[in-house]
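Descriptive structure summary
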Amino acid sequence: MTGDSTVTNLYTEGTITDANGNSVSIIGTDGTVYVRGNSSYTITVNSYSTTADFSGASEADSWSNHEVAKPEV
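Let me sum up the structure you'll find in this document. None of these values were measured; they are calculated from a predicted model.

Moving on, we get to the overall build of the protein. A tally of helices and strands in the protein yields zero helices and four strands. When the helices and strands of the protein are listed from N to C terminus, the series reads β-β-β-β. Since a compact globule built from 73 residues should have a radius of gyration of about 11 Å, the 18 Å found for the protein marks it as more spread out than a globular shape. Projected onto the principal axes, the alpha-carbon positions of the protein cover approximately 55 × 35 × 20 Å. Relative to its 73 residues, the protein shows a buried fraction of 19%. Long-range pairs, those at least 24 residues apart, make up 40% of the contacts in the protein between residues at least 6 apart in sequence.

Here's what the structure looks like:
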């Protein structure tokens, strides 16, 4: 088993690493090398971007809306 996988869309703003801390290679299905990693793992993607477009997503709720006072005891 090589550990390789194929995904349709991948959006990441950081480095994808394996369990040993090695960077994973990201290659397009058309052969474009987006990230040349030093891990034995490779992710093959149809679409890759270093930013995600959340313009159509609902707004995330703020943590402070769910905060409660800590009990004294």
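Next comes the rest of the description.
The next subject is the packing of aromatic side chains. A complete count under the given rule lists one aromatic pair for this structure. Ring geometry for tyrosine 34 and tyrosine 48: centres 5.0 Å apart, planes at 35°, overall tilted. Of this pair, tyrosine 34 sits in strand 3 (residues 33-35) while tyrosine 48 is found in strand 4 (residues 42-49), placing the two residues 14 residues apart along the sequence. A residue is classified by how much of its surface remains accessible, and tyrosine 48, at 16% relative accessible area, is buried.

A word on the pairing of strand 2 (residues 25-28). As judged from the four bridges shared by strand 2 and strand 4, these two strands associate in the parallel manner. For isoleucine 26, the partnering residue across the bridge sits in strand 4 and is isoleucine 43. Across two bridges, strand 2 lies against strand 3 in antiparallel orientation. Of the residues in strand 3, the one forming a bridge with isoleucine 26 is valine 35. Once strand 2 ends, the chain turns through four residues before running back antiparallel as strand 3, passing glycine 31 with a positive phi of about 95°.

Turning our attention to the environment of alanine 52. Structurally, the position occupied by alanine 52 is in the segment after strand 4. Remark: the alpha-carbon pair of alanine 52 and glutamate 13, spanning 39 residues in sequence, is separated by 8.1 Å. With sequence-adjacent residues up to four places away left out, alanine 52 is seen in contact with Tyr11 and Glu13.

Calculation notes
- Residues numbered from 1 in each chain as written.
- Predicted model: local features only at pLDDT ≥ 70, side-chain atom pairs only at ≥ 80, totals over all residues.
- Heavy atoms only, no water.
- Helix = DSSP H or I, 4+ residues; strand = E, 2+ residues; numbered from the N terminus.
- Rg over C-alpha atoms; globule rule 2.2 N^0.38 Å.
- Buried < 20%, exposed > 50% of the residue type's maximum accessible area, 1.4 Å probe, protein only.
- Contact = heavy atoms within 4.5 Å.
- Phe/Tyr/Trp six-rings, centres within 6.5 Å; stacked < 30°, edge-to-face > 60°.
- Pairing = 2+ DSSP bridges.

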